[in-house]
Amino acid sequence: MFHVIDPRVFERPLLDELCALATRARLLAKSDTGARALRDLLPTRRAMLYFTQPSTRTFLSFNNACHILGMRTSEIRDPSTSSEVKGESFEDSIRTFSSYVDVIIMRTKESGRAAQAAQLMNGIPRPVPVINAGSGSDQHPTQALLDIYTLQRSFEETGGIDGKVIGMMGDLKRGRTVRSLCYLMKNYRGVRLVFIAPEQFAMQSDVKAHLDEHRIPYTETPRLDDALPSLDALYVTRMQTEWDTAARESQAVDLARFSIGPPELSRLKRDAIIMHPLPRGPEIAPAVDQDPRAMYWRQERNGMWMRAAVLIKIFGAEDRIADGT
Amino acid sequence: MFHVIDPRVFERPLLDELCALATRARLLAKSDTGARALRDLLPTRRAMLYFTQPSTRTFLSFNNACHILGMRTSEIRDPSTSSEVKGESFEDSIRTFSSYVDVIIMRTKESGRAAQAAQLMNGIPRPVPVINAGSGSDQHPTQALLDIYTLQRSFEETGGIDGKVIGMMGDLKRGRTVRSLCYLMKNYRGVRLVFIAPEQFAMQSDVKAHLDEHRIPYTETPRLDDALPSLDALYVTRMQTEWDTAARESQAVDLARFSIGPPELSRLKRDAIIMHPLPRGPEIAPAVDQDPRAMYWRQERNGMWMRAAVLIKIFGAEDRIADGT
Amino acid sequence: MFHVIDPRVFERPLLDELCALATRARLLAKSDTGARALRDLLPTRRAMLYFTQPSTRTFLSFNNACHILGMRTSEIRDPSTSSEVKGESFEDSIRTFSSYVDVIIMRTKESGRAAQAAQLMNGIPRPVPVINAGSGSDQHPTQALLDIYTLQRSFEETGGIDGKVIGMMGDLKRGRTVRSLCYLMKNYRGVRLVFIAPEQFAMQSDVKAHLDEHRIPYTETPRLDDALPSLDALYVTRMQTEWDTAARESQAVDLARFSIGPPELSRLKRDAIIMHPLPRGPEIAPAVDQDPRAMYWRQERNGMWMRAAVLIKIFGAEDRIADGT
């Protein structure tokens, strides 16, 4: 593992290894000795967090994952403080970052930037790994990994992800998290997907073609109530209004039909889980937070552990963490 | 000690302990061995500095207090880089921070936010302490603590704070530092207060009621010259023009009458001290800096040591620092 | 060495020592043991990076140099987050920084600020060193140092900088890097300079007077082609359009005549080097990057090692790094 750009390349052994690493880091951190061992894992490594698209969660979880492992971080979050205002090319900016750090973690509003940066690295004498932390409407690989980790943790005592029925609700057309997650389902046996979305924001055909190719069954419905009783997991997403065109197409959706609150909870299986990539809008009522099936806050925190796992793997420190450090 | 929200709850034993901890940290830092021991005190702890209201001093002193103790810090200082631009609620933002760090240090322009965050923490499964680093025109507890620490250090050889005459000058109505400090005076015996303010910015009645209740004598005067000879400490504050309404009421004040320069110095006791929370305006002439009674720069630096003491106390590391680490 | 403000005071023994320190740090960092030793060099020191003028490279190289040595950093990059918005004076802001950290590294748009800060420090009881990281159109000492280091490394096996022919091309009038570098040439024997610039951006007379005084020969020409074959190093610079007046004088220059691409490469000595302070504009074609004589990316990275050397020297840790730590 060098660059982390596209989750579609992840295969089951790597997913299982990363989940195990995340759990190992998470458990170690519970004791002072373990937390100090983690901090001594990558103390000489430095990361660049280049986040020109605003992001609280992804930024903070990466930053703290680095800190847990003893890494140091530099950040550019405001494009106006960068050399690009002097007209520097994107390529030169990225190469400059690589001069000073050991890994570049980047998030941009424009699509394809992380892949472009990785490709640039592959052509220079001193390449550093590039981690895609969100690149326009492209894939968002570490989000997909933390979603997998949350599913696996939640189903640890019920046979794992294999054989589960996973619902995905909301703006499935533009939500990159659900798209990425779908691509990873080929690694699990017997999974069934249920897409619950308004017609104009249905899951796109490239994803469905991929599912067909890998014989992963899915159904589509605009009615949450019909789908609820069958689900082992319900992955809720918000309307991605920031990608709306001038027609403000999100406005036409009756959001109440794609939301979860106390009435819906009563129809959900007793051991099902509710996920959400956060931040949330009105699609999950705050009252749901109290329900033991609400897994999104733990999911959020899983993101930090999974990102720590990715960094451990990239820097080849997995052996030192596995043997109890 | 978990959350640090309102200085009015601080009692004498805690104040004395925090002052002792601040001194202990300050002295340890003077040697390389001691500084390394401090840095090894909380190396696995992580802080979130959430400062949506600009603040150089409070931010830097907290950030460096964390660093002195080996802690790692993440920061949000520009609200436009946060998820709130995607419409996330304040509660969800705070809970998100708590997912990644061990303490939230926050400063907001709006009142009541820190208390609200602390209350939220009290209702979730994995709460982290919240430190109020200034919340609108509310209390500013760590400022009050550093002021107490400065008074105590300055009066170390003259019997401590008990029995001293403390003048407070300037915009007493809206200055939260002097308000907070007044509330702490009940912990000291025989203190007398002198409020020196223009009529329209006199100390507010809630503070005066509190002083009456605790039988702490105070006098009010608009004439600095009359008050000067009696003072052991003069706490100068600036006009809080940022809270002015459209009427720009600050403009009406004759600032020269509430300022200190060489002429006033000559009327001040030889062993009195001059304090100021900084930043200063014209109310203290730069020439005063050279006077040995000018204590505000040391007061500023005391803020870093007191904030380190607060963090040590919150994380229960006081025993490890007390025994010479 | 305390403050680092003006490169004109650097003499040969110091330059040689800093180059040796930079190399020592660079080589140590190649092994895990060495990198950990570096990180244990200044673990209790804290730096303030006060960068009110945007700068990617200088900021990141200083930040990472600090991190390599185990130092902690605080930053102000956005003037709107600082107390200056409350009307604090520059002097008070700088003194405030000095309250919390062990070194102030600063970059400002206005000239003379770093020198002003250093002077202020010299008059207070607890001064900290100030490093000028660029101050208007003034000197930029650490850039000059990294340029010297790059020249020295490149000519290590060909007798060092002494006796070399160094071309400087582009906006020599306003480029502070070439100006600073000229002032350092008096420390090397037999160096010849060739200034290649459009007439309106020729090297200024103060620099030429300095060269005359120290009997350093230089020639001036607007024709790169004539100069190319004689050069051991070509230092290319971009048009400093940000200093243009309303007349936009940069627009009048035929940039193609002061650029380097494949045709120029063929006329350059086989063992010559091409330098550039970056960011670059059109004056160096990206295709040049592939040429082994292109030294600007290494030069950029040298900046981090030289800045680490400066910090090591300022804090007197050079003995601990010299003996293998």
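Data block above holds the structure.
The paragraphs below set out a description of the structure included in this document.

### Notes on the interface of chain B and chain C
Working step 1: Taken residue by residue, the interface counts 29 residues in chain B and 27 residues in chain C.
Working step 2: Both faces combined, the contact of chain B with chain C buries some 2700 Å², and carbon together with sulfur accounts for 46% of it.
Working step 3: Three residues stand out in chain B for area buried against chain C, namely Arg36, Thr56 and Trp297 of chain B, and they jointly supply 21% of the buried area on that side.
Working step 4: Summed over the shared surface of chain B and chain C, the result is four salt bridges.
Working step 5: The partner of Arg57 of chain B in a salt bridge is Glu88 of chain C, with the nearest N and O atoms 2.8 Å apart.

### Overview of the packing of aromatic side chains
Working step 1: Here the structure, examined in full by the defined rule, presents twelve aromatic pairs over all chains.
Working step 2: On the basis of an interplanar angle of 55° and a centroid distance of 4.7 Å, the ring pair of Tyr50 of chain A and Phe97 of chain A is categorised as tilted. With Tyr50 of chain A in strand E1 (residues 46-51) and Phe97 of chain A in helix H4 (residues 90-100), this pair connects stretches of sequence that are 47 residues apart.
Working step 3: Aromatic pair Phe51 of chain A and Phe59 of chain A: ring centres 5.5 Å apart, planes at 85°, arrangement edge-to-face.
Working step 4: Look at Phe51 of chain A and you get buried, because its relative accessible area is 2%.
Working step 5: Since its relative accessible area comes to 1%, Phe59 of chain A is described here as buried.
Working step 6: The lysine or arginine in question, Lys109 of chain A, covers the ring of Trp243 of chain A, its NZ or CZ lying 5.7 Å from the ring centre.
Working step 7: A cation over a ring is seen here: Arg113 of chain C above Phe90 of chain C, with NZ or CZ 4.2 Å from the ring centre.

### Considerations on helix H11 (residues 296-314) of chain B
Working step 1: Counted at 1.5 Å a residue, the expected span for H11 of chain B with its 19 residues is 27 Å, and the 27 Å between its end C-alpha atoms agrees.
Working step 2: The buried fraction of H11 of chain B is high, at 18 of 19 residues.

### A closer look at the interface of chain B and chain A
One widely used convention gives an interface's size as the accessible area the parts lose upon coming together.
Working step 1: Every contact between the two is made by 27 residues of chain B and, on the other side, 29 residues of chain A.
Working step 2: For the pairing of chain B and chain A, the buried interface totals around 2700 Å² over both sides, and the portion due to carbon and sulfur atoms is 46%.
Working step 3: Counting the contacts that link chain B with chain A gives four salt bridges.
Working step 4: Close ionic contact of Arg95 of chain B with Asp289 of chain A constitutes a salt bridge, the shortest N to O distance being 4.0 Å.
Working step 5: In this assembly, chain B and chain A are joined by 15 residue pairs in polar contact (both at pLDDT 80 or more).
Working step 6: Those elements giving two or more residues to the side of chain B that touches chain A turn out to be strand E1 (46-51), strand E2 (72-76) and helix H4 (90-100) of chain B.
Working step 7: Here the residues of the side of chain B that touches chain A are counted per class, giving eight nonpolar, nine polar and ten charged.

### Observations concerning the pattern of salt bridges
Working step 1: Within the structure shown, the criterion is met by 71 salt bridges over all chains.
Working step 2: Here Lys269 of chain A makes a salt bridge to Asp232 of chain A, at a shortest N to O gap of 2.8 Å. Pair noted here: Lys269 of chain A is in the loop between helix H10 (262-265) and strand E9 (273-275) and Asp232 of chain A is in the loop between helix H9 (224-227) and strand E8 (233-236), with a separation of 37 residues, a long-range link.
Working step 3: Taking the relative accessible area as the measure of exposure, Lys269 of chain A reaches 30% and is therefore partly exposed.
Working step 4: Residue classification places Asp232 of chain A among the buried residues on the basis of a relative accessible area of 11%.
Working step 5: Taking the shortest distance from any N to any O, the salt bridge between Arg189 of chain C and Asp162 of chain C comes out at 3.4 Å.

### Regarding the side chain of Arg301 of chain C
Working step 1: Note on placement: Arg301 of chain C falls in helix H11 (residues 296-314).
Working step 2: Buried charge without a salt bridge: Arg301 of chain C, with Asp102 of chain A as the nearest opposite-charge side chain at an N-O distance of 6.3 Å.
Working step 3: Look past the residues within four positions of Arg301 of chain C in its chain and what remains in contact with it is Ser99, Tyr100 and Arg126 of chain A.

### Comments concerning the relation of the copies chain B and chain C
Working step 1: Aligned on chain C, chain B shows an RMSD of 0.0 Å; the corresponding rotation is 120° and the shift along the axis is 0.0 Å. Such a combination of turn and shift is consistent with a three-fold rotation axis.
Working step 2: Mapped onto chain C, only 7% of the interface residues of chain B again fall at the interface, so the copies present different surfaces.

Rules and cut-offs
- Residues numbered from 1 in each chain as written.
- Chains lettered and ligands numbered in written order.
- Predicted model: local features only at pLDDT ≥ 70, side-chain atom pairs only at ≥ 80, totals over all residues.
- Heavy atoms only, no water.
- Contact = heavy atoms within 4.5 Å.
- Buried area = accessible area lost by both parts, 1.4 Å probe.
- Salt bridge = Lys/Arg side-chain N within 4 Å of Asp/Glu carboxyl O.
- Phe/Tyr/Trp six-rings, centres within 6.5 Å; stacked < 30°, edge-to-face > 60°.
- Helix = DSSP H or I, 4+ residues; strand = E, 2+ residues; numbered from the N terminus.
- Buried < 20%, exposed > 50% of the residue type's maximum accessible area, 1.4 Å probe, protein only.
- Lys NZ or Arg CZ within 6 Å of the ring centre and 35° of its normal.
- Expected span 1.5 Å × (residues − 1).
- Polar contact = N/O pair within 3.5 Å; in protein donor to acceptor, adjacent residues only side chain to side chain.
- Nonpolar A, V, L, I, M, F, W, Y, C, P; charged D, E, K, R; others polar.
- Lys, Arg positive; Asp, Glu negative; His and termini not counted.
- Least-squares fit on C-alpha atoms with pLDDT ≥ 70 in both.

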